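Here is what each chain is made of, one letter per residue.
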Amino acid sequence: MGSFMKNIVILISGSGSNMAAIVQAAQREHWSERLGVRVAAVISNQPDAAGLKQAHGVATQAVDHKAFATREAFDAALQHAIDAYAPTLVVLAGFMRILTPAFVRHYEGRLINIHPSLLPAFTGLNTHQRALDAGCKVAGATVHRVTSELDHGEILAQAVVPVLAGDTAATLAARVLTQEHIIYPQVIASLLQAGVT
Ligand code: NHR
Ligand code: GAR
């Protein structure tokens, strides 16, 4: 079975709740048997990321960006660790390091991200506070392909939530995150089902 199985590698930096949602969906929905795909590894640039302890039995590894002098050197080491799994799909899930054009090109067509805003609004960081400051009545998350232009690749799915009176960045982030956990596994399953990657 191993040699026929396609691999997914998930990259995280923090709590890893999207990663856990994907791993649990894969188990619950029997992706190995139905789609011929497994989550093979979870890799973090932060050695102390809480998500490394929540990987539900999946192999974990840290590639500490602070150990490398340049972004190019870090990305080369990260690419080496990922390529050990020859992945069909590389999934950024709360991964917090901007990736170099060479890295993005290497994984072209098989690299996706979830971003906590309704793109093209609020690229970059601190999205929830910026949505509140702009007076937005809705917020959400976007699953997109990763290109060398930050948060600009093809949109694959979006989820919308209301902004409620009294929201803080934290309450809004939590409402968005519950939707992220639904749409990210759905997008991954449909990409693999369609054989797009
Ligand atoms: N890399 C490329 N080339 N293209 C994208 O679209 C990427 C990417 C790497 C990560 C995720 C993204 C997000 O969803 C993502 C998309 C980190 C930063 C950032 O500024 C910005 C966007 C995203 C992730 N990172 C700082 C840096 O200097 C570090 C910040 C920190 O460590 O807290 O890399 O929002
Ligand atoms: C998620 O909201 C994700 O969209 C966002 O960080 C959170 C990670 O949570 N991603 C970014 O901000 C990328 N710059 P998680 O680690 O629990 O999945």
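Our structure is the block above this text.
Residues numbered from 1 in each chain as written. Chains lettered and ligands numbered in written order. Predicted model: local features only at pLDDT ≥ 70, side-chain atom pairs only at ≥ 80, totals over all residues. Heavy atoms only, no water.

J.: Sorry if this is basic, but what is going on with the site of ligand 2 here?
T.: Residues in contact with ligand 2, as listed here, are Ser15, Gly16, Ser17, Asn18, Gly94, Phe95, Met96, Ile114, Pro116, Leu125, Leu177 and Glu180. Between an oxygen atom of ligand 2 and a main-chain N or O atom of glycine 16, the distance comes to 2.8 Å. Serine 17 has a polar side-chain atom sitting 2.6 Å from an oxygen atom of ligand 2. Bound to the protein, ligand 2 loses 82% of the 450 Å² it would expose on its own. Contributions of two or more residues to the shell around ligand 2 are made by α1 (17–28) and α6 (169–193). Here the shell around ligand 2 is built from residues that sort into six nonpolar, five polar and one charged. (Near = heavy atom within 4 Å. Polar contact = N/O pair within 3.5 Å; in protein donor to acceptor, adjacent residues only side chain to side chain. Areas by Shrake-Rupley, 256 points an atom, 1.4 Å probe, with all protein chains shown as cover. Helix = DSSP H or I, 4+ residues; strand = E, 2+ residues; numbered from the N terminus. Nonpolar A, V, L, I, M, F, W, Y, C, P; charged D, E, K, R; others polar.)

J.: Can you walk me through the site of ligand 1 in this structure?
T.: Around ligand 1, a shell composed of 19 residues is seen, among which Arg71, Met96, Asn113, Thr147 and Asp151 lie nearest. In the model, a nitrogen atom of ligand 1 is placed 2.9 Å from a nitrogen or oxygen of the methionine 96 main chain. One of the backbone nitrogen or oxygen atoms of aspartate 151 is found 2.8 Å away from an oxygen atom of ligand 1. With three residues, strand β5 (residues 111–115) is the single largest residue contributor to the shell around ligand 1. Class assignment for the residues of the shell around ligand 1 results in 10 nonpolar, six polar and three charged.

J.: Explain helix α3 (residues 71–83) to me, please; I cannot follow it from the model alone.
T.: Residue pairs three or four apart in sequence face the same way in an α-helix, which turns once every 3.6 residues. Compared with the 18 Å implied by 1.5 Å per residue over 13 residues, the 18 Å span of α3 between its first and last C-alpha is a close match. Inspection of α3 places Phe74, Asp75, Leu78, Ala81 and Ile82 among the buried residues, and these make up the whole buried set. Each buried residue of α3 sits inside an arc of 120° when the element is viewed along its axis, so together they form one side. Residues Glu72 and His80 are exposed on α3 and point more than 90 degrees away from its buried face. (Expected span 1.5 Å × (residues − 1). Buried < 20%, exposed > 50% of the residue type's maximum accessible area, 1.4 Å probe, protein only. Arc of directions from axis to C-beta.)

J.: Can you help me understand the pairing of β5 in this one?
T.: A regular strand carries its side chains on alternate faces of the sheet. Most of β5 is tucked away: five of the five residues are buried. Going residue by residue along β5, you find Leu111, Asn113 and His115 tucked away on one face and Ile112 and Ile114 tucked away on the opposite face as well. Note that strand β4 (residues 89–92) and β5 share three bridges and pair parallel. Counterpart to valine 91 in the pairing with β5 is isoleucine 112. A crossover links β4 with its parallel partner β5, the connecting element being helix α4 (residues 101–106), and its sense is right-handed. In terms of strand pairing, β5 meets strand β6 (residues 138–145) through four bridges, oriented antiparallel. Counted as the bridge partner of histidine 115 is threonine 142 from β6. (Pairing = 2+ DSSP bridges. Right-handed = clockwise from strand over helix to strand, strands pointing away.)

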